[in-house]
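Residue-level listing of the chains:
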Amino acid sequence: MARRRKNRTHLKGAGATVQRANDGEPRSFIIKHGQVGSSLTQLVRDLRKVMEPNTASRLKERNRNKLKDYLTMAPTLGVTHLLALTVTDVAPSLRMVRLPAGPTLSFRVERYSLMKDILKTSRSSRSMGMEYLTAPLVVLASFPPPSPETPPHLPLLMKSFQSLFPPLSPNSMSLSNCRRIVLIAYNSDRGTVEFRHYVITVKPYGISKRVRRVLEGAPKKSLAKPSSGFLDLGNEKDVADFLLRKRGEPSPGSDGYESAASSASSAAGDDGDAVSLADDYVGRNNKKGQKKAVRLSEVGPRMELRLIKISEGVPGKEGAVLYHEFVKKSKVEAAALKASHVAKERLRKQRREEQESNVQRKKAEKEQGSRKNQEESDEDASDAEAEADESDQEAHDEWDEDEEISEVGSDDEHSEELGNDEEESEDEPEERPPTKKVRIRGKR
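Numbers given to residues run from 1 along each chain, matching the order in which its sequence is written. Per-residue local features of the predicted model are confined to residues with pLDDT of at least 70, and side-chain atom pairs are confined, for both listing and counting, to 80 or more; whole-chain, interface and lining totals are unaffected and use all residues. Working from all heavy atoms in the structure, the side-chain values ignore hydrogens and water.

Undergrad: What is the right way to read the overall build of the protein chain from this model?
TA: Only runs of H or I of at least four residues qualify as helices and only runs of E of at least two qualify as strands under DSSP, and these elements are numbered from the N terminus. The number of helices and strands found in the protein chain is 10 helices and 11 strands. We call a residue buried when its accessible area falls under 20% of the maximum for its residue type, exposed when it is over 50%, and partly exposed in between, using a 1.4 Å probe and counting protein chains only. Burial analysis of the protein chain (444 residues in total) assigns 28% to the buried set. Pairs at least 24 apart in sequence give 61% of the contacts found in the protein chain among residues at least 6 apart. As presented, the protein chain carries roughly 32700 Å² of accessible surface, and 50% of it is formed by carbon and sulfur atoms. Whether two residues are in contact is decided by their heavy atoms, any of which lying within 4.5 Å being enough. Per-residue accessibility takes into account occlusion by the displayed protein chains alone, with areas from the Shrake-Rupley method and a 1.4 Å probe.

Structure, rendered in structure tokens:
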């Protein structure tokens, strides 16, 4: 049987990173740096939950990691925002950095609540499902409109929060993808920004709570003991006892019933909350064109932020201070500070150009030196070959062309010469090599 071949339909590595970076959606890193407690660590996890799916949910920080490491790697991975939480002597602080060139907004976290705290205080527990597969919708509330009297830092603050989330496109977005809302509200009395996170729920409109319970089934009280989905009316004699009983009367044998006015007052929402669904929505009986009541259920986290400073650039390469909560400068001081930042930036640029020119010069010198060494080695090799040719020519020239070469005589003459040589060798005594003395080692 032939082996089934698996075809991958998704990208991995650099291809996926490039595709995600080119889709135009903002990506974020949410980190903590420095020594922080368990509560702030949980706040980092909750903020990552809010920013899903366009954030690194499983990013792990190490003690040796510095803020500079994230600033260096983030643009390569297509990350556009960096949110860093740390603890100061006064209160926790949050820095929101727009990558790669800034600006940087510094906030003081006045108060905050975690997701588990919000869920504990809510009347109905809610299990998280498929809401975090799509990005939330951002709602900016109570910000003053642009005008000459509006402080210049407020429009920049509003745009910074707006750029954290994907832009809305009503013509192309699907209604079923609108599952969550992030509310950014400006409190002019306190001068703070409130951060809220909600889940959108759709309820039947124009019916009482008890009728809605009959239609929707029994609520799921816990995940450990799931309900069958049907409402238990075993203790009721008639369905009217359940639908028309007065509030606060748990016993089925009471003789009082709800009036039409009280039943209408318990209906889910009024005309201002009712909307006609433009498309099919998630949930039971949420079809296009039906009239439904929209509710927002807060799931947390909740933060109250105070803007402290807005500066150009990123941490480590900060430029001029655009706004400061506590330090106010005159126009002359602001102009002098801006001039000093311009001079620093010019000097930094000059040093960078000088460094690049030095690198290019050293690289050219290295290439020239290697080329020179190659030429010298080629010259040495050619000189050695020339010397070898000259020595062969000299050896050939040493042969004397005028020297006569005697021819070999007859066999008789050659035999006579051999005989004379043998007689001479017999007359001379044979020389034998000296004998070696044998050494005998005895026992000591």
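Undergrad: Would you explain unusual backbone geometry in this entry?
TA: Trans is the common state for peptide bonds, and a negative phi is the common state for residues other than glycine. Geometrically, the link from glutamate 52 to proline 53 is a cis peptide bond, its omega value of 0° lying close to zero. Topologically, proline 53 is positioned in the loop between helix H2 (38-51) and helix H3 (67-73). In this structure, serine 142 is a non-glycine residue whose phi angle is positive, near 65°. Here serine 142 is to be found in the loop between strand S5 (137-141) and helix H5 (153-162). In this structure serine 142 comes out as exposed when scored by relative accessible area, which is 56%.

Undergrad: Help me understand a positive patch on the surface, please; the structure alone is not making it clear to me.
TA: A surface patch of positive charge is lined by Lys68, Lys317, Lys349 and Arg352. By the element assignment, arginine 352 lies in helix H9 (residues 331-397). On the basis of relative accessible area, arginine 352 is assigned to the partly exposed category, the value being 37%. Only residues whose relative accessible area exceeds 30% and that form no salt bridge enter a patch; like-charged residues are grouped when within 9 Å of one another, and nonpolar side chains (Val, Leu, Ile, Met, Phe, Trp, Tyr) when within 5 Å. The term salt bridge refers to a pairing of a side-chain nitrogen on Lys or Arg with a carboxyl oxygen on Asp or Glu at a separation within 4 Å. For the purpose of counting charges, residues Lys and Arg are taken to be positive, whereas Asp and Glu are taken to be negative. His and the chain ends are not included. A single reference atom marks each charge: NZ on Lys, CZ on Arg, CG on Asp, CD on Glu.

Undergrad: How should empty space enclosed by the protein be read in this particular structure?
TA: Rolling a probe over the atoms, with the probe sized like a water molecule, indicates the empty space that remains. Two kinds of site are reported from a 1 Å grid over the protein atoms alone, namely cavities, where a 1.4 Å probe fits but cannot get out, and pockets, open sets with protein on both sides within 12 Å along at least five of seven lines, and residues are called lining when an atom falls within 4 Å of a point. Grid points are joined across faces, edges and corners, and a volume is the space filled by probe spheres set on the points. Taken as a whole and assessed by the stated rule, the structure comprises 2 cavities of 30 Å³ or more. Approximately 100 Å³ is the volume found for the largest cavity. Around the largest cavity, the lining residues are Leu47, Met51, Leu83, Leu94, Met96, Phe107, Phe161, Leu164, Phe165, Phe195, Met303 and Leu305. Counting only elements with at least two residues in the lining of the largest cavity, the list comes to H2, strand S3 (92-98) and strand S10 (302-311). For the second largest cavity, the calculated volume is near 50 Å³. If you trace the second largest cavity, you find it lined by Pro26, Ser28, Met51, Asn54, Ala135, Pro136, Leu164, Phe165 and Pro166. When grouped by side-chain class, the residues that make up the lining of the second largest cavity number 7 nonpolar, 2 polar and no charged. All residues other than Ala, Val, Leu, Ile, Met, Phe, Trp, Tyr, Cys, Pro, Asp, Glu, Lys and Arg, Gly among them, are scored as polar; the first ten of these are nonpolar and the last four charged.

Undergrad: Would you mind showing me how to read the nonpolar core here?
TA: Across soluble globular proteins, you tend to see nonpolar side chains buried next to one another. One finds Leu85, Phe107, Leu157, Phe161 and Ile184 to be the most contacted residues of the largest nonpolar core, which totals 33 residues. Every element with two or more residues in this core is listed here: H2, strand S2 (81-87), S3, strand S4 (104-113), H5, strand S6 (180-187), strand S7 (192-204) and S10. The dominant element in this core, judged by the number of residues it contributes, is H2, at 6 residues. Listed in part, the 12 residues of the second largest apolar core include Phe29, Tyr70, Leu99 and Val314. Among buried residues, those of type Ala, Val, Leu, Ile, Met, Phe, Trp, Tyr and Cys that are joined through side-chain atoms within 4.5 Å constitute a nonpolar core.

Undergrad: How do you make sense of the pattern of salt bridges when you look at a structure like this?
TA: Between side chains of opposite charge, a pair can form as their charged atoms come close. Considering all chains together, one arrives at 13 salt bridges under this definition. Measuring nitrogen to oxygen at the nearest pair gives 2.6 Å for the salt bridge that ties arginine 190 to glutamate 304. Of this pair, arginine 190 sits in the loop between S6 and S7 while glutamate 304 sits in strand S10, and the two are 114 residues apart along the sequence. Relative accessible area serves as the criterion here: at 40%, arginine 190 is assigned to the partly exposed category. Take glutamate 304: its relative accessible area is 4%, and that puts it in the buried class. Two residues, glutamate 298 and arginine 302, come together in a salt bridge whose shortest N-O distance is 2.9 Å. Through salt bridges that share partners, Glu194, Arg196, Glu298 and Arg302 make up one connected network.

Undergrad: How should the side chain of arginine 196 be read in this particular structure?
TA: Secondary-structure assignment places arginine 196 in strand S7. What makes arginine 196 buried here is its relative accessible area of 16%. Discounting chain neighbours no more than four positions away, the residues touching arginine 196 are Ile181, Val182, Leu183, Glu298, Pro301, Arg302 and Met303.

Undergrad: Looking at this model, I keep getting lost on H2. Mind explaining?
TA: Residue pairs three or four apart in sequence face the same way in an α-helix, which turns once every 3.6 residues. Residue count minus one, scaled by 1.5 Å, sets the expected span of a helix. The end-to-end C-alpha distance of H2 is 20 Å, a good match for the 20 Å that 14 residues give at a rise of 1.5 Å each. Inspection of H2 places Leu40, Thr41, Leu43, Val44, Asp46, Leu47, Arg48, Val50 and Met51 among the buried residues, and these make up the whole buried set.

Undergrad: Please clarify how the packing of aromatic side chains should be interpreted in this entry.
TA: Aromatic ring pairs: the centre-centre distance and the angle between the two ring planes describe each pair. Side-chain rings of Phe, Tyr and Trp (the six-membered ring for Trp) are treated as a pair once their centres are within 6.5 Å; stacked means planes under 30 degrees apart, edge-to-face means over 60, and tilted covers the remaining angles. With the rule as written, the count across this model stands at 2 aromatic pairs. Seen in terms of ring centroids, phenylalanine 107 and phenylalanine 161 are 5.7 Å apart; in terms of plane orientation they differ by 50°. Their pairing is tilted. On the criterion of sequence distance, the pair formed by phenylalanine 107 in strand S4 and phenylalanine 161 in helix H5 is long-range, its members being 54 residues apart. Its relative accessible area of 2% is what places phenylalanine 107 among the buried residues. According to the relative accessible area criterion, phenylalanine 161 is buried, its value standing at 4%. Two thresholds decide whether a charge sits over a ring: the Lys NZ or Arg CZ must be within 6 Å of the ring centre and within 35 degrees of the ring normal. Seen from the ring of tyrosine 132, lysine 49 lies directly overhead, with NZ or CZ sitting 4.9 Å from the centre.

Undergrad: Is there a simple way to think about the UniProt feature "transmembrane region" (unreviewed entry) in the protein chain in this case?
TA: UniProt positions are given in the numbering used here, feature names are shortened, and annotations may be inferred rather than shown by experiment. Under the UniProt annotation, the feature "transmembrane region" (unreviewed entry) is placed at residues 70-88. Across residues 70-88, helical content stands at 21% and strand content at 37%; the span's end C-alpha atoms are separated by 20 Å.

Undergrad: Where do I start with H5 in this structure?
TA: Listed in full, the buried residues belonging to H5 are His153, Leu154, Leu157, Ser160 and Phe161. Mapping the buried residues of H5 onto a view down its axis gives an arc of 120°, with all of them on the same face. It is the directions from the helix axis to the C-beta atoms whose arc is reported.

Undergrad: Can you help me understand the environment of lysine 116 in this one?
TA: Position of lysine 116 among the secondary structure elements: in helix H4 (residues 115-121). Along the primary structure lysine 116 and glutamine 42 are separated by 74 residues, whereas in three dimensions their C-alpha atoms are 9.6 Å apart.

Undergrad: Please clarify how the confidence of the model for the protein chain should be interpreted in this entry.
TA: Low pLDDT means the predicted atomic positions in that stretch should not be read closely. pLDDT: the predictor's confidence for each residue, scored from 0 to 100. Mean pLDDT over the protein chain works out to 78, with 71% of the residues at or above the 70 mark. At the low end of the mean pLDDT range in the protein chain sits helix H8 (residues 260-265), at 44; at the high end sits S4, at 96. Long-range and interchain partners of residues 14-19, a stretch whose pLDDT sits below 50, account for 4 contacts in this model, where long-range means more than four residues apart. Here residues 221-226 scores under 50 on pLDDT; set against residues more than four positions off or in separate chains, the count is 2 contacts.

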